[in-house]
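# Examining the three-dimensional arrangement
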Amino acid sequence: MANMTPVKTPMPNQDPEVRAHNFEEVALGYTEEMAQQEAARCLNCKNPRCVQGCPVNVRIPEFIQKVVEGDYEAAYQIITSTNALPAISGRVCPQESQCESKCVRGVKGEPVGIGRLERFVADWHRTHSTEKPAKPESNGHKVAVVGSGPSSLTCASDLAKQGYQVTIFEAFHTAGGVLVYGIPEFRLPKAIVQGEVDNLKALGVEVMTDMVIGKVLSIDELMEDMGFEAVFIGTGAGLPRFMNIPGEGYAGVCSANEYLTRTNLMKAYLSEYDTPQLKSKAVAVVGGGNVAMDACRCAMRLGADKVYIVYRRSMEEMPARNEEIEHAQEEGIDFRLLCNPVEILGDEKGHVCGIKCIQMALGEPDASGRRRPVEVPGSEFVLDVDTVVMALGTSPNPLIRSTTPGLEANKRGCLVVGEDEVSTTREGVFAGGDAVTGAATVILAMGAGKKAAAAIDRYIKSK
Ligand SMILES: Cc1cc2nc3c(=O)[nH]c(=O)nc-3n(C[C@H](O)[C@H](O)[C@H](O)COP(=O)(O)OP(=O)(O)OC[C@H]3O[C@@H](n4cnc5c(N)ncnc54)[C@H](O)[C@@H]3O)c2cc1C
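All of these numbers come straight from a predicted model, not from anything done at the bench.

## Brief notes about the domain arrangement of the chain
- Assigned domains within the chain: domain 1 (16–128), domain 2 (142–238 + 395–462) and domain 3 (242–392).
- With centres defined by C-alpha atoms, the gap from domain 1 to domain 3 works out at 32 Å.
- Domain 1 puts 14 residues into the contact, and the matching count from domain 3 is twelve residues.
- Together domain 1 and domain 3 conceal approximately 1,000 Å² of surface at their shared face, both sides included; 53% is due to carbon and sulfur atoms.
- Contact with domain 3 buries area across many residues of domain 1, yet Arg19, Ala20 and Phe23 alone supply 54% of it, more than any other trio.
- Where domain 1 touches domain 3, the interface holds three salt bridges.
- We note a salt bridge from Arg19 to Glu331, for which the minimum N-O separation is 2.5 Å.
- Linking domain 1 to domain 3 there are seven residue pairs in polar contact (both at pLDDT 80 or more).
- Along the lines of polarity and charge, the residues of the side of domain 1 that touches domain 3 split into seven nonpolar, three polar and four charged.

Encoded structure:
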């Protein structure tokens, strides 16, 4: 019998007052009983629209029925037949705008908590199964994967399962891309990402870190000297934007990428790590996306007394996930909406001592369909802060395209791809994820990695 309760089974969370001062995971995950209760809300539709809403087409009602039956391992096998990273997507996917937005239960109440169930199943498997994936027999073909974010991990996994000898080349000292250097531990524990990388290694994938392709080796060298028959570029969009306002050169101004990398990848929050990080009393994070939410919540956990979000539009236009905004509010972040920085103020030592902002009002919709913010004359005010973190979006780093002849990029610096969405303008070179789309989402990057693996397989077999 279906559970017709109109609301999702609530996710247990750490208490906001406690969690605002630690880096442990905020969402604690469903118990078996909660998972059963939530799974029973699924109507097992004949024409499941939720599956169409998932960029990697997870067979959602099928896995949920296995949860109802208590066969969690079967549920895991169904999910992983199309999604290589369920513990990750179950935690960070914007389900509300994908699978859950299509759920029929969402018409008269809340949709089924598909992401929460996916996370439950993946965590159940992780804690109950010690089996590593078996290494498939080699088909003798070599493929290089540049970068190790979700697009690359998915592409490498799909290729390795078909017997390809895959080598990942990652610029940082740890594999995982934004999953390890951007998204904080309290949303996505790094041990989970490491577990996925270990699974890839068990499949025979070699992971080479500290390898900046375009500097240490070029794509040409990978293909011509090292015998890789195809290359996948999944180098993401890690180049930060700034506002170009006066004062951005003061000490204490940094990009969200740098702030988050020092905090997460370089573990600045652990005393045994000697990572230099801004020790701030008051922080302004400029922006309204997920990156801004992660940066402000890290600032609070690193010990700031006051943390502001400075965003030039209203709450309605804020691009961050609702859940992230709510969590930030619960943790005491001060949201200054309709507010735009015009200058960063510095003291006599050249350190940030404030951020001058101007109040905004919403005008007519712009090209993005969102109402354009316009300045309210004479409404300037100053927030006393010693740190400003810019979370204004990112674009792909130009290193690879500038060192690879024949590889074209568009005006935004994103690699140009063909109709199949993954073939670049250079033969044998494929690309996907943020390097192609600009900053997007984990699941879209995974979908692109999957498409690229299929295209690489077709390409190599057709040679
Ligand atoms: C702070 C933050 C929070 C986010 N939160 C969410 C969220 O909650 N949900 C969601 O769906 N999405 C979120 N995103 C977006 C999501 O993480 C990205 O869309 C996704 O990671 C893109 O995957 P990717 O594989 O294209 O690249 P990335 O994850 O960016 O990985 C690229 C990798 O390539 C490496 N690299 C770059 N250049 C080179 C080179 N020349 N040689 C070798 N290696 C190189 C980089 O070091 C990096 O490890 C967030 C992004 C950020 C920054």
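## Quick look at the sheet that holds strand 9 (residues 334–336)
- Ordered by their spatial adjacency, five strands build an open sheet running 6-14-7-8-9, and the pairing between neighbours is parallel. In this open sheet, the two strands that pair with only one neighbour each are strand 6 (253–255) and strand 9. On average, each strand axis in the sheet is inclined to that of its neighbour by 20°, with strand direction left out of account.
- With respect to the sheet, helix 12 (residues 256–265) is in contact with strand 6 and strand 14 (387–390), its orientation differing from that of strand 6 by roughly 80°.

## Focus on the nonpolar core
- With 70 residues, the main nonpolar core has Ile60, Phe63, Ile64, Val67, Ile88, Leu117 and Ile456 as its most contacted residues.
- Here the element with the most residues in this core is helix 17 (residues 442–462); it accounts for nine residues.
- Both domain 1 (16–128) and domain 2 (142–238 + 395–462) contribute no fewer than three residues apiece to this core.
- If we skip the residues at most four places from it in the chain, Ile456 touches Val143, Cys155, Leu159, Tyr164, Ala230, Phe232 and Phe430.

## Regarding the packing of aromatic side chains
- The final tally for this structure, using the stated rule, is seven aromatic pairs.
- Between Phe169 and Phe228, the ring centres sit 5.8 Å apart and the planes meet at 85°, which makes this aromatic pair edge-to-face. Placement of Phe169 in strand 2 (residues 165–169) and of Phe228 in the loop between helix 11 (219–225) and strand 4 (230–233) is noted, with a sequence separation of 59 residues between them. Of the two residues, Phe169 and Phe228, neither departs from the other in class, the shared state being buried.
- By way of ring pairs, the aromatic residues Phe23, Phe186 and Tyr269 are connected into one cluster.
- Across the ring face of Phe228, the terminal group of Lys142 is positioned such that the distance to the ring centre comes to 4.5 Å.

## So, the environment of Glu62
- As for its placement among the helices and strands, Glu62 is situated in helix 4 (residues 60–69).
- For the pair formed by Glu62 and Cys45, sequence separation is 17 residues and the distance between their alpha carbons is 10.0 Å.

## Focus on the site of the ligand
- In the vicinity of the ligand, 35 residues are found, and the nearest of them are Val92, Ser151, Glu170, Arg187 and Ile213.
- Within the side chain of Arg187, a nitrogen or oxygen atom sits 2.8 Å from an oxygen atom of the ligand.
- Within the backbone of Val442, a nitrogen or oxygen atom sits 2.9 Å from an oxygen atom of the ligand.
- Against a free-state accessible area of 1,000 Å², the protein chains account for coverage of 93% of the ligand.
- Sorting the residues of the shell around the ligand by element identifies helix 8 (150–161), helix 13 (290–301), helix 15 (399–403) and helix 17 as the ones contributing at least two each.
- Top element by residues in the shell around the ligand is helix 13. It accounts for three residues.
- By residue class, the composition of the shell around the ligand is 19 nonpolar, twelve polar and four charged.
- Built from parts of two domains, the shell around the ligand gets at least three residues from each of domain 2 (142–238 + 395–462) and domain 3 (242–392).

Procedures and definitions
Residues numbered from 1 in each chain as written. Predicted model: local features only at pLDDT ≥ 70, side-chain atom pairs only at ≥ 80, totals over all residues. Heavy atoms only, no water. Domains from an automatic or database assignment. Contact = heavy atoms within 4.5 Å. Buried area = accessible area lost by both parts, 1.4 Å probe. Salt bridge = Lys/Arg side-chain N within 4 Å of Asp/Glu carboxyl O. Polar contact = N/O pair within 3.5 Å; in protein donor to acceptor, adjacent residues only side chain to side chain. Nonpolar A, V, L, I, M, F, W, Y, C, P; charged D, E, K, R; others polar. Pairing = 2+ DSSP bridges. Helix = DSSP H or I, 4+ residues; strand = E, 2+ residues; numbered from the N terminus. Axes fitted to C-alpha atoms, helices over the stretch in contact; angles between N-to-C directions. Core = buried A, V, L, I, M, F, W, Y, C linked by side-chain atoms within 4.5 Å. Buried < 20%, exposed > 50% of the residue type's maximum accessible area, 1.4 Å probe, protein only. Phe/Tyr/Trp six-rings, centres within 6.5 Å; stacked < 30°, edge-to-face > 60°. Lys NZ or Arg CZ within 6 Å of the ring centre and 35° of its normal. Near = heavy atom within 4 Å. Areas by Shrake-Rupley, 256 points an atom, 1.4 Å probe, with all protein chains shown as cover.

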